[in-house]
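This is what each chain is made of:
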Amino acid sequence: QMLANGLREVSNPSELLLSQNDEDLSGSAISATMEGLRPMLIETQALVSQAIYGNPQRSSTGFDLWRLSMLLAVLEKRAGLFFGQNDVFLNIAGGIKVQDTAIDLAIVAALISSLQNIPVSNKFCFTGEIGLTGEIRAVNRIDQRIEEAARLGFEEIYVSKYNMKGLSKKGFKIEIKPLGKVEDLLEAVFS
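Residues numbered from 1 in each chain as written. Predicted model: local features only at pLDDT ≥ 70, side-chain atom pairs only at ≥ 80, totals over all residues. Heavy atoms only, no water.

Undergrad: Where do I start with the pairing of strand β3 (residues 28-35) in this structure?
TA: Note on strand geometry: in a regular strand, side chains alternate between the two faces of the sheet. In terms of burial, β3 is a largely internal element, seven of the eight residues being buried. In this sheet, strand β4 (residues 38-50) lies alongside β3 in antiparallel orientation, the contact comprising eight bridges. Bridge pairing in β4 places S31 opposite I42. Adjacent in sequence and paired antiparallel, β3 and β4 are bridged by two residues, among which G36 carries a positive phi angle near 70°. With two bridges connecting them, β3 and strand β7 (residues 124-126) associate as parallel partners. Note on β7: the bridge partner recorded for S31 is F126. (Buried < 20%, exposed > 50% of the residue type's maximum accessible area, 1.4 Å probe, protein only. Helix = DSSP H or I, 4+ residues; strand = E, 2+ residues; numbered from the N terminus. Pairing = 2+ DSSP bridges.)

Undergrad: So what exactly am I meant to see when it comes to helix α5 (residues 182-190) here?
TA: Turn by turn, an α-helix covers 3.6 residues, leaving residues three or four places apart pointing in a common direction. All of the buried residues along α5 are V182, L185, L186, V189 and F190. All buried residues of α5 project into a common sector of 100° when viewed along the axis, lining one side. (Arc of directions from axis to C-beta.)

Undergrad: Explain the environment of T127 to me, please; I cannot follow it from the model alone.
TA: Inspection of the secondary structure assignment puts T127 in the loop between β7 and β8 (129-130). T127 gets classed as buried once you look at its relative accessible area, which sits at 0%. With 11 residues separating them in the primary sequence, T127 and A138 have C-alpha atoms 8.8 Å apart. The contacts of T127, once residues within four sequence positions are left out, are A32, A102, L105, V139, I142, R145, I157, Y158, V159 and S160. (Contact = heavy atoms within 4.5 Å.)

Undergrad: So what exactly am I meant to see when it comes to the environment of E43 here?
TA: With respect to the helices and strands, the residue E43 is situated in strand β4. In sequence terms E43 and I30 are 13 residues apart; their C-alpha atoms lie 4.5 Å from each other. Polar side-chain contacts of E43 include one of 2.7 Å to the side chain of S28. (Polar contact = N/O pair within 3.5 Å; in protein donor to acceptor, adjacent residues only side chain to side chain.)

Undergrad: Sorry if this is basic, but what is going on with the pairing of β4 here?
TA: Two strands pair when backbone bridges link them, and β4 and strand β6 (residues 86-92) are joined in this way by seven bridges, in the antiparallel orientation. Residue pairing in the sheet places V48 in a bridge with V88 of β6.

Undergrad: Can you walk me through the pattern of salt bridges in this structure?
TA: Between side chains of opposite charge, a pair can form as their charged atoms come close. According to the stated counting rule, one finds six salt bridges in the structure shown. Ionic pairing is found between R67 and E129, a salt bridge with its closest N-O pair at 3.7 Å. With a gap of 62 residues between them, R67 in helix α2 (residues 65-79) and E129 in strand β8 connect regions that are remote in the sequence. For E129, a relative accessible area of 21% puts it in the partly exposed group. One salt bridge in this structure joins K177 and E175, with 3.2 Å as the shortest N-O distance. Classification of E175 by relative accessible area gives partly exposed; the value is 43%. (Salt bridge = Lys/Arg side-chain N within 4 Å of Asp/Glu carboxyl O.)

On their own, these measurements won't tell you what the molecule is for.
Printed below as a string of structure tokens:
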């Protein structure tokens, strides 16, 4: 981090990338992602609102716009949630660009949260790739992602049920919630 007196080491980048807000707000979800070999928690922010000016807008900062379109199509087809008449804005907090597909689950949680105006607890964390059939696919280095979430005080982490097979048996200080498809996310978090 550049300060007035020079560079300073950032020992925990996750803390810089998470919201400084204590209250739960709709349209926000935390993802456990990897930057190289280092686990990081980042905040995903979505705003879904009624389109006023004709064609609905799609905008994404820090995340691939085509992948956002794919996630919206999956939510419409597999979960029965309709975004067609809504503007959708997506932002990855901290101004970073994320390539890790494990952020998909947090983005979907933020989109649903904003659409339904239901906050996601700021004690929940998400990691999982979303496939075209709506399945939540396993991600690599799941142990490191879970440990980082536990270290930062999260109470629950939502992961792919397919990650549970390879998960080490050590006792994590966080509750691990396995999900198989996007419908399971709706039931677990938003019902």
